[in-house]
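A structural walkthrough
This is what each chain is made of:
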Amino acid sequence: MTHGSDSIDSPVYGTFGNGSGRSPEPEPQYSLKMFGEVVETFRKRARLTQEQFAPLVGYSPETVASIEQGRRLPPPDFAERADNILDAFGVILAAAKHLTRRKGLASWFRQWAELELSALSLYTYECRLIPGLLQTPAYARTLFTDQLPPLADEQIEAQLAARLERQRLLRERPNTAFSFILEEHLFLRDLGGEEVTSELLDHILDLSELRNVDIQIMPLVRHHHAGLGGPVQLLETPDHQWFGYLEGQAHGQFVSDPKAISVIQMRCATMRSQALSLDDSKSLMRRMRGAR
């Protein structure tokens, strides 16, 4: 989903399942729109508006609208809840079985993206670029425009739309705890130019004010660093299961082995103590913003 990463070759990662061999290109939208129309048809049959249906199924009206319009993959429990509430005779559940593709998302990223939709907590450490959930449209467009081999205009727009849609998680899931550790040099690179970086700093400072979003900066000079193995994501499901995700240039690694998860948790916990505090991180970003 993101771009640019060194391959992980540390022995501890040797047992991880991975998506190598699969195409890194996003696959086209096939059945999302059809699924959305099925949900909408049964909702209207039940004489419910989106605003009335949303609390019954446990999601916001905006999420319901996105699903019905075919712009968003439904959360894992959505189809079953919707089918029961709308008395849909199993039709919605049957339609959900065909949701195998998602516009703008690489095939090896979709499994992780689906888990994000219902996660209790999500931890991200990034040393290559600003994580997708925190990017501005201008920053994301720079990444897609610079990608090699070059993307066609329609591919850029599809990936940009998918990224912006995914970012709704930060505000639509206020009970999910999001924690980010970002390297200071990601801002000093000035990717896209000064204007793009200034907007990015303002955007991330705004997000850091959300109660469910913690953002820490790993300072440029740090004598000890637990994250030298590369970027990593860690996620807790509603069933309190933990999964990890590692990303390379042409594939992603989905991590479920408990021993490997334990190592990732240890490294993430150590990095949180090594990074600047939440308040100090905000102060640093404000200083970087004011220096422009």
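Now for a look at the structure at hand.

Reading the values: the criteria
Residues numbered from 1 in each chain as written. Predicted model: local features only at pLDDT ≥ 70, side-chain atom pairs only at ≥ 80, totals over all residues. Heavy atoms only, no water. Phe/Tyr/Trp six-rings, centres within 6.5 Å; stacked < 30°, edge-to-face > 60°. Buried < 20%, exposed > 50% of the residue type's maximum accessible area, 1.4 Å probe, protein only. Helix = DSSP H or I, 4+ residues; strand = E, 2+ residues; numbered from the N terminus. Arc of directions from axis to C-beta. Contact = heavy atoms within 4.5 Å. Core = buried A, V, L, I, M, F, W, Y, C linked by side-chain atoms within 4.5 Å. 1 Å grid on protein atoms, 1.4 Å probe; cavity = no way out; pocket = protein on both sides within 12 Å on 5 of 7 lines; lining within 4 Å. Points joined across faces, edges and corners; volume = space filled by probe spheres on them. Nonpolar A, V, L, I, M, F, W, Y, C, P; charged D, E, K, R; others polar.

The next subject is the packing of aromatic side chains. The tally for this structure, following the rule as stated, stands at 6 aromatic pairs. Ring-pair connections join several aromatic residues into one group, and the members of that group are Trp-112, Phe-243, Tyr-245 and Phe-254.

Along helix H4 (residues 78-85), the residues classified as buried are Phe-78, Ala-79, Ala-82 and Asp-83. Projected down its long axis, H4 carries its buried residues within an arc of 125 degrees, all on one side. Facing away from the buried surface of H4 by more than 90 degrees, the exposed residues are Glu-80 and Asn-84. Against the buried residues of H4 lie helix H1 (32-45), helix H2 (50-57), helix H3 (61-68) and helix H5 (91-96). Just downstream of H4, Asp-87 is the residue with a positive phi angle, here 50 degrees.

Ranked by internal contacts, the top residues of the largest apolar core, which has 34 residues, are Leu-182 and Phe-187. Looking at which element gives the most residues to this core, the answer is helix H11 (residues 194-207), with 6 residues. Those residues in contact with Phe-187, other than ones at most four positions away along the chain, are Ile-130, Leu-182, Thr-197, Leu-200, Leu-201, Ile-204, Ile-217, Met-285, Met-288 and Arg-292.

Moving on, we come to the layout of surface pockets. By volume, the second largest pocket is sized at about 270 Å³. Along the walls of the second largest pocket sit 15 residues, with Gly-58, Tyr-59, Glu-172, Arg-173 and Asn-175 positioned nearest its centre. Broken down by class, the residue content of the lining of the second largest pocket amounts to 5 nonpolar, 5 polar and 5 charged.

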